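Commentary on secondary and tertiary structure
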Amino acid sequence: MNKNRKTVLITGANRGIGKAIAKKFINKGIQVIGTSTTQDGVKNIEDYLKGNGFGFILNLKNTDSITETIKEIYKKKYSIDILINNAGIKEDNLLVKMKNKEWNDVIKTNLSSIFYLVKSVIRPMIKKKQGRIITIGSVIAYTGNKGQVNYSASKSGLVGFHKSLALEVASKGITVNIVSPGLIKTDFTNTLSSIQNQKYISNIPMKRLGNPEEIADAVIFLSSKKASYITGHTLHINGGMYMI
Ligand SMILES: NC(=O)c1ccc[n+]([C@@H]2O[C@H](COP(=O)([O-])OP(=O)(O)OC[C@H]3O[C@@H](n4cnc5c(N)ncnc54)[C@H](OP(=O)(O)O)[C@@H]3O)[C@@H](O)[C@H]2O)c1
């Protein structure tokens with residue numbers, strides 16, 4: 001790990017989309033600081049990073065701990081050039097049965113945490129006059145889904161947040177965008193029954209789930225110089241499932 005090399009912070013880098021993003025950044029020569037909620041997850045991150053970064057524990061449900069944890073990275077003299085807000089959860093239930101905890105957990109992890117993460121990195125980015133902030137949203141922000149009022153609200157909240165932030169920092173050399181996946185093959189969708197799977201696939205014009213790498217490619221593009229004039233945008237990647 002070199003303190004002068006370009007560095008990306010990725011939440012939820014242990015598996016799924018976050019891991020695919022991290023691997024592509026390493027291939028581009030960008031070192032990775034990746035988070036997991038468990039020590040095993042941190043070990044897994046450090047195993048695949050092979051010295052090109054490090055992992056640390058961060059639980060986004062504890063929004064109060066986020067600022068202090070990120071401060072530790074700056075104290076060690078690492079800069080964060082790119083922030084990838086990837087980690088996210090779902091705790092599904094119909095509204096009539098949804099518990100307060102299911103609502104609060106999802107809103108805290110998927111939406112409120114982004115406020116604290118961005119606040120922790122934005123001043124140094126402004127000082128450097130450059131930065132990239134990319135957040136993984138969801139098609140459910142746009143379509144809604146039965147049993148997901150909490151998840152859908154959290155992901156659509158991100159849209160307004162990112163548009164407003166993009167306006168605030170557009171003149172500071174910082175771009176702010178969302179990558180919005182449809183259904184992607186990860187642990188997140190592993191819990192679907194084969195009947196649910198078939199039902200979803202029948203609504204996807206490409207007749208398949210996406211791969212984490214297909215999301216990661218878009219994130220790499222938005223992080224690159226080639227995307228320097230794109231901000232406040234949501235890039236939909238869903239096999240044609242939803243178009244705007
Ligand atoms: N897969 C899809 O079909 C799909 C579709 C649309 C959007 N998305 C979004 O894509 C993002 C990544 O999803 P995925 O499919 O890669 O999911 P995943 O395989 O379930 O991975 C989720 C990641 O989030 C981390 N995480 C979970 N709870 C956390 C918490 N409280 N604090 C911090 N980190 C936490 C996990 O860390 P640990 O290692 O500690 O478990 C894990 O690395 C999410 O924002 C999700 O909403 C996914």
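Residues numbered from 1 in each chain as written. Predicted model: local features only at pLDDT ≥ 70, side-chain atom pairs only at ≥ 80, totals over all residues. Heavy atoms only, no water.

What follows is about unusual backbone geometry. Its identity as a non-glycine residue notwithstanding, Lys77 has a phi of 70 degrees, on the positive side. Turning to its location among the elements, Lys77 is positioned in the loop between helix 3 (63-75) and strand 4 (82-85). (Helix = DSSP H or I, 4+ residues; strand = E, 2+ residues; numbered from the N terminus.)

Attention shifts here to the site of the ligand. Every one of the 30 residues lining the ligand counts as a neighbour, but Arg15, Thr37, Asn86, Tyr151 and Thr186 are closest to it. In this structure, an oxygen atom belonging to the ligand sits 2.6 Å away from a side-chain N or O atom of Tyr151. With respect to the ligand, the backbone of Ile184 contributes an N or O atom lying 2.8 Å from an oxygen atom. Expressed as a share of its isolated accessible area of 900 Å², the protein-covered part of the ligand is 94%. Secondary structure elements with two or more residues in the shell around the ligand: helix 1 (16-27), helix 6 (149-169) and helix 7 (187-190). Considering every element that reaches the shell around the ligand, the biggest residue donor is helix 7, with 3 residues. (Near = heavy atom within 4 Å. Polar contact = N/O pair within 3.5 Å; in protein donor to acceptor, adjacent residues only side chain to side chain. Areas by Shrake-Rupley, 256 points an atom, 1.4 Å probe, with all protein chains shown as cover.)

Okay, the UniProt feature "active site" (unreviewed entry) in the protein next. This chain's UniProt record puts "active site" (unreviewed entry) on Tyr151. Within the secondary structure layout, Tyr151 lies in helix 6. Contact partners of Tyr151, with chain neighbours within four places excluded, come to Ile89, Lys90, Val106, Asn110, Ser138, Ile140 and Phe188. (UniProt positions renumbered as here; feature names shortened; annotations may be inferred. Contact = heavy atoms within 4.5 Å.)

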